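Next come the chains, spelled out residue by residue.
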Amino acid sequence: MENQHTPWWQKAIIYQIYPRSYQDSNGDGVGDLQGILNRLDHLQWLGIDAIWLSPIFPSPMADFGYDVSDYTGVHEIFGNLEDLEALIDAAHQRGIKLLLDLVPNHTSNEHPWFLESRSSRDNPKRNWYIWQDTIPNNWLSVFGGNAWEWDELTQQYYYHAFLKEQPDLNWRNPEVQEAMFNVMRFWLNKGIDGFRVDVLWFIFKDEQLRNNPPNPDYTRYMPDYDQLLPVYSTDQPEVQDITRKMRSVLEEYEGDRVLIAEVYLPIKELMVYYGVDNKGAHLPFNFLLLSLPWDATQIATTIDHYEGALPAQSWPNWVLSNHDRPRIASRVGAEQALIAAMLLLTLRGTPTIYYGDEIGMRDVAIPFNEIKDPQGLNMPDKNLSRDPSRTPMQWDNTKNAGFSESTPWLRLDKAYARVNVQEQKNNPHSTLNLYKKLITIRKTEPALETGNYISVHSDNQMIAYIRKDENGPGFLIVLNLTHRPCYFKSNFNGVIEIATSPELEGYTVSGTISLDGDEGVVIRLKGN
Ligand code: GLC
């Protein structure tokens, strides 16, 4: 049999950094690239393998960097190209890969491409964006309001799925495709190890621009955008061809460069993004744990559903939090956040950790007059601001949590003097040390890193599953997703390697396992 090659990203633990909020090195209250470089010790100590940076490109910051005005530069607030090159080098020296955010669906309205496109109807770049004489349909912007914006100068409307400052590119135009593939090559030539592709499922729109149907499940507490089902404005079949082409661009390079795709779709539709013969995205992000109610039965069922739906030879992945969604600790509470960590780091598939989750950072209430996020500002009555999950990293108990010399761009959690990296490093019971132990065991035990997933039991309180490979009995993971004690009647024998209550570590288990509320264990099974 041919020797199977396991690409690094299947064994990797990915860590997402929101650069504005990680570490400020020049005292302007905003995080930067030099700051990230200064914190690589933390990431190496934690044991992560790859960093994904949210956008660091020049941008007017209407959507905090997701409105790019130059795809091949660095915003001065984050530093310059040399700083990025230094970060790539420093990360690589430590064996850490670096992934960039690629934002292909839209540019900033200040990008030279759009400035040209809007300058006249016969400009060669006119067709790089989506222009119409009249509003052709009912499509809504994700950030509120109509998705078509009138342009006074050339007397036409342009389409923007997000802010009006983020006009959508016309991906039906081969020149746009080539331009974006060249952006990818620019960064791949600099040694970037791959991309996280922003809103990949948005890039193609229905050719006839037909109306979206109403969403029968809409309630007024939901974002305005959810009034319609985006069946014609997103997830069009043509996107698969582009995904394959993006993948081919990566394959022009050595070193298993990785393509991760942001796709919020139900399981069946999500699987399509792996592509025919797995030639699409390597990892279409799996956001199930971000979206599901924290309910043992539902989660267990969904894990099996996801595992069962994966195309042959494709590799799973899991996410608990990101810069668009509430943090796990705020969604499920501090105690269950430990169970969530154990789940994330023992499931089969590449885990992505959102910065700060490793110390149990929670969403921070940002006073109304300090809201920065356009989604929050545009729909002020719906509590949709994403600022709460983007607050500065809490490093220590000094001024501004060690994040910055000056007032941070977004306020810090007032609990930072208690909840911070330095404090938790010294506390064997901390969230941070649980993360560290889970990461260490995952990286030293092939059963956990790449072994099979076998579901064993679930009920309305708990989930139990085994991870094993051909070399041994593997590990049994038992998680109590409630605050009340529970029992698992099993015939398994083994030793508790890691527990949310470290007091349990080293204990032998045989037969029925009883767990306190909010307790989870990783058990090394005994053979025979
Ligand atoms: C993605 C990003 C989000 C951004 C949006 C528009 O969903 O994660 O932060 O606002 O795309 O680019």
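That block above? That's the structure.
Values in this document were obtained by computation on a predicted structure and should not be read as measured data. (Residues numbered from 1 in each chain as written. Predicted model: local features only at pLDDT ≥ 70, side-chain atom pairs only at ≥ 80, totals over all residues. Heavy atoms only, no water.)

**Student:** Hey, could you run me through unusual backbone geometry in this one?
**Tutor:** Of all residues except glycine, most have a negative phi; of all peptide bonds, most are trans. A positive phi angle, close to 30 degrees, is found at Val199, a residue other than glycine. Structurally, Val199 is set in the loop between strand 7 (194–197) and helix 7 (239–251). Here Asn278, not a glycine, exhibits a phi torsion of approximately 55 degrees, which is positive. Inspection of the secondary structure puts Asn278 in the loop between helix 8 (267–271) and strand 9 (283–284). For Asn278, a relative accessible area of 16% gives the class buried. (Helix = DSSP H or I, 4+ residues; strand = E, 2+ residues; numbered from the N terminus. Buried < 20%, exposed > 50% of the residue type's maximum accessible area, 1.4 Å probe, protein only.)

**Student:** What exactly am I supposed to notice about the environment of Ile366 here?
**Tutor:** Looking at the secondary structure, you find Ile366 in the loop between strand 11 (350–354) and helix 13 (374–378). A relative accessible area of 12% places Ile366 in the buried class. Each C-alpha atom of the pair Ile366 and Asp256 lies 41 Å from the other, and the pair is 110 residues apart in sequence. When sequence neighbours within four positions are dropped, the list of residues in contact with Ile366 reads Ile371, Asp387, Pro388, Thr391, Leu410 and Arg411. (Contact = heavy atoms within 4.5 Å.)

**Student:** Help me understand the packing of helix 12 (residues 334–346) against helix 15 (residues 431–444) in this model?
**Tutor:** For any two helices packed against each other, the geometry is given by the interaxial angle and the distance between the axes. Closest axis-to-axis distance for the helix 12/helix 15 pair is 10 Å, and the angle between their directions is 15 degrees. The angle between the axes of helix 12 and helix 15 places the two elements in the roughly parallel class. Of the two possible hands of crossing, helix 12 and helix 15 adopt the one that is right-handed. Here Leu338, Ala341, Met342, Leu344, Leu345 and Thr346 of helix 12 lie close against helix 15, whose contacting residues are Thr431, Leu434, Tyr435, Leu438, Ile439 and Arg442. For the contact of helix 12 with helix 15, the per-class residue count stands at nine nonpolar, two polar and one charged. (Axes fitted to C-alpha atoms, helices over the stretch in contact; angles between N-to-C directions. Parallel < 35°, antiparallel > 145°, perpendicular 65-115°, else oblique. Left-handed = near helix turned anticlockwise from the far one by under 90°. Nonpolar A, V, L, I, M, F, W, Y, C, P; charged D, E, K, R; others polar.)

**Student:** Explanation requested: the environment of His457 in the structure shown.
**Tutor:** Looking at the element boundaries, His457 is found in strand 12 (residues 452–458). Spatially, the C-alpha atoms of His457 and Phe488 are 8.3 Å apart, while their sequence positions differ by 31 residues. In terms of polar contacts, His457 uses its side chain to reach the side chain of Asp459, at 3.1 Å. (Polar contact = N/O pair within 3.5 Å; in protein donor to acceptor, adjacent residues only side chain to side chain.)

**Student:** What's the story with the sheet that holds strand 6 (residues 156–159) in this structure? I'm lost.
**Tutor:** Each strand in a sheet pairs with another by means of backbone hydrogen bonds, the pair being arranged parallel or else antiparallel. One open sheet holds the three strands; their spatial order is 4-6-5, and the pairing between them is antiparallel. Where the open sheet ends on each side, the last strands, each with one partner, are strand 4 (131–132) and strand 5 (148–151). When strand 5 meets strand 6, the two strands line up antiparallel, connected through four bridges. Bridging from a neighbouring strand, Glu149 pairs with Tyr158 of strand 6. (Pairing = 2+ DSSP bridges.)

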